[in-house]
Amino acid sequence: MKMKKYTASTMAEAMKKVQKDFGDEAIIISSKPIYSKGFLGLFKKKYFEVVIGIERTTMSSIENIELKSNDVIEKNSITLQPTHVEEIRHELVTLKDLIKKQQTATTQYPVIFTSIIEQMEHQELDKKLITSISDELFDMYKNSREELTTQQLIRFAKMALRQELDQFSIGNQSFDKRFINVVGPTGVGKTTTIAKMAARAVLEKRKKIGFITADTYRIGAIEQLKTYANLLQAPVEVVYSHEDYVKAIDNLKHCDLIFIDTAGRNYNESKYINDLVELIDINKETENYLVLALTAKQRDLEVIIEQFERLPITKLIFTKLDETNSIGPIVNLMIKYNKGLAYYTNGQEVPEDIVEATLDKIVELIFQGE
């Protein structure tokens, strides 16, 4: 085995030369910064030195390489003793890590991007989405005829996120369908969310409403819904079977809108989805909303959405925004599952703490604080 020494003005440049000449055949021996002597000890210039080991067969195949005049490479070679080979092979891991770090360094964005990228990471946006937005910013930045400010870059980042979300149906709740079926796992605040939606339908849309509840598993669930219904002067039907459901629909035929509160169960088990489908008629007059809590892990939310694939989910609703510091999962799940967004809730008060989503509101929430 022989050694070669490379020096260059940056470590990335030195490693590029190593890769160009030897690819993955080289084994790193050492790497360190070095300094020129300068004038009277002053004005020293910093270089980086990388010493690599090459097998004899590899060395003989490239020893006729022509060096360009601007390459700073010293061609000193020595022969290694066999006892050193194992130690050198151990350094192969270091070489790979170093190359990876240098490759990352060459693709880093300008320092002015740091706070924007950190904000998107803090909001837990998907890494691919962050990269996509950052790449668009970088194209704008390098092609701009004038130096861009942080505020200008934030504005461009918001525009890029809007473009990503523009394809989805957000807000615009018209209550055109007669049946509003609200589903979701236990503990997400589903019944309270239904009450908030119903209150908006009464107060803003002047709709005559009724309720059907199939949440007969949770203690106090029926009483909770009846309390809200009394405040809105709306009838409530309790159902235990599909036959009960059919009768309830007939009893509420005078209502413009019927809100259906299904049981919150552990929907990791598909049998509960089957029970739900058998209980309720899903037809063209039904809108299905899936309620998810932002306090849950994104992977758990993904499992829930995938379990509800049998239902044609109209839009998502997210609760407990006031209990989390990151809302990126809203955006991530919309994009991953091609779902629209109806509302998000930010408290327990009825009907105040519910917000009909808009594209602008979601973008502003992602970049709040920037």
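Use the structure listed above.
Nothing here was measured: the structure is a model prediction, and the numbers come from that model.

A.B. asks: Sorry, what's going on with the overall build of the protein chain here?
C.D. replies: In terms of regular secondary structure, the protein chain is built from 14 helices and 12 strands. Across the 370 residues in the protein chain, those meeting the buried criterion constitute 45%. In the protein chain, 75% of the contacts between residues at least 6 apart in sequence involve partners at least 24 apart. For the protein chain, the exposed area adds up to about 20,200 Å²; of that, 48% sits on carbon and sulfur atoms.

A.B. asks: What is the right way to read the packing of aromatic side chains from this model?
C.D. replies: The relative placement of two aromatic rings is captured by the distance of their centres and the angle of their planes. Counted by the stated rule, this structure contains 6 aromatic pairs. Between the aromatic rings of Phe-113 and Phe-138, the centroid separation amounts to 6.5 Å while the plane-to-plane angle is 75°, which identifies the pairing as edge-to-face. With Phe-113 in the loop between α4 (92–106) and α5 (114–122) and Phe-138 in helix α6 (residues 127–143), this residue pair connects regions lying 25 residues apart in the sequence. Between Phe-175 and Phe-259 the ring centres are 6.2 Å apart and the planes differ by 70°, which places this aromatic pair in the edge-to-face class. Here Phe-259 lies in strand β8 (residues 257–261) and Phe-175 lies in the loop between α7 (150–165) and β5 (179–183), a separation of 84 residues in the sequence. One exposure class covers both Phe-175 and Phe-259, and it is buried.

A.B. asks: Looking at this structure, I do not really get the pattern of salt bridges. What am I missing?
C.D. replies: Between side chains of opposite charge, pairing is possible as soon as their charged atoms come close. Under the definition given, this model contains 11 salt bridges. Among the salt bridges present, the one from Asp-360 reaches Arg-162, with a minimum N-O distance of 2.9 Å. Taken together, the residues span a long stretch of sequence, with Asp-360 in helix α14 (residues 359–366) and Arg-162 in helix α7 at a distance of 198 residues. On the basis of relative accessibility, which here comes to 45%, the residue Asp-360 falls in the partly exposed class. Connected via shared salt-bridge partners are Arg-299, Glu-302, Glu-306 and Lys-336.

A.B. asks: Teacher, can you tell me more about the nonpolar core here?
C.D. replies: The nonpolar side chains of a soluble globular protein tend to be buried with one another. Counting 63 residues, the largest nonpolar core has Leu-161, Ile-212, Leu-290, Leu-292 and Phe-318 as its most contacted members. Filtering out sequence-adjacent residues up to four positions away, Leu-292 remains in contact with Val-188, Leu-301, Ile-304, Ile-305, Leu-316, Ile-317, Phe-318, Thr-319 and Leu-333. Listed in part, the 23 residues of the second largest apolar core include Phe-211, Leu-225, Ala-234 and Leu-257.

A.B. asks: What is the right way to read the environment of Leu-125 from this model?
C.D. replies: Along the chain, Leu-125 turns up in the loop between α5 and α6. For the pair Leu-125 and Ile-327, spaced 202 residues apart in sequence, the C-alpha separation works out to 8.1 Å. With residues near it in sequence (within four places) discarded, Leu-125 still touches Met-120, Ile-130, Gly-328, Val-331, Asn-332 and Ile-366.

A.B. asks: Explain the sheet that holds strand β10 (residues 313–319) here, please?
C.D. replies: The strands making up a sheet associate through hydrogen bonds between their backbones, and the pairing can be parallel or antiparallel. With mixed pairing, the 8 strands of this open sheet are ordered in space as β7-β6-β8-β5-β9-β10-β11-β12. This sheet does not close on itself; its edge strands, each paired only once, are β7 (236–238) and β12 (354–356). Adjacent strand axes in the sheet meet at a mean angle of 25°, parallel and antiparallel pairs treated alike. In terms of strand pairing, strand β6 (residues 209–213) meets β7 through 3 bridges, oriented parallel. Note that in β7 the partner of Ile-212 across the bridge is Glu-237. Docked against the sheet, α14 engages β11 (340–345) and β12, running at close to 60° with respect to β11.

A.B. asks: Any chance you could explain the packing of helix α8 (residues 190–203) against helix α9 (residues 221–231) here in plain terms?
C.D. replies: Two measures define how a pair of helices packs: the angle their axes make with one another and the distance between the axes. Their axes nearest at 10 Å, the elements α8 and α9 cross at an angle of 15°. In terms of their interaxial angle, α8 and α9 are classed as roughly parallel. The crossing of α8 and α9 is right-handed. Note on element contacts: α9 touches α8 through Gln-224, Leu-225 and Tyr-228, opposite Thr-191, Thr-192 and Ala-195. Among the residues forming the contact of α8 with α9, the class breakdown is 3 nonpolar, 3 polar and no charged.

Here is what the cut-offs are and how they apply
Residues numbered from 1 in each chain as written. Predicted model: local features only at pLDDT ≥ 70, side-chain atom pairs only at ≥ 80, totals over all residues. Heavy atoms only, no water. Helix = DSSP H or I, 4+ residues; strand = E, 2+ residues; numbered from the N terminus. Buried < 20%, exposed > 50% of the residue type's maximum accessible area, 1.4 Å probe, protein only. Contact = heavy atoms within 4.5 Å. Areas by Shrake-Rupley, 256 points an atom, 1.4 Å probe, with all protein chains shown as cover. Phe/Tyr/Trp six-rings, centres within 6.5 Å; stacked < 30°, edge-to-face > 60°. Salt bridge = Lys/Arg side-chain N within 4 Å of Asp/Glu carboxyl O. Core = buried A, V, L, I, M, F, W, Y, C linked by side-chain atoms within 4.5 Å. Pairing = 2+ DSSP bridges. Axes fitted to C-alpha atoms, helices over the stretch in contact; angles between N-to-C directions. Parallel < 35°, antiparallel > 145°, perpendicular 65-115°, else oblique. Left-handed = near helix turned anticlockwise from the far one by under 90°. Nonpolar A, V, L, I, M, F, W, Y, C, P; charged D, E, K, R; others polar.

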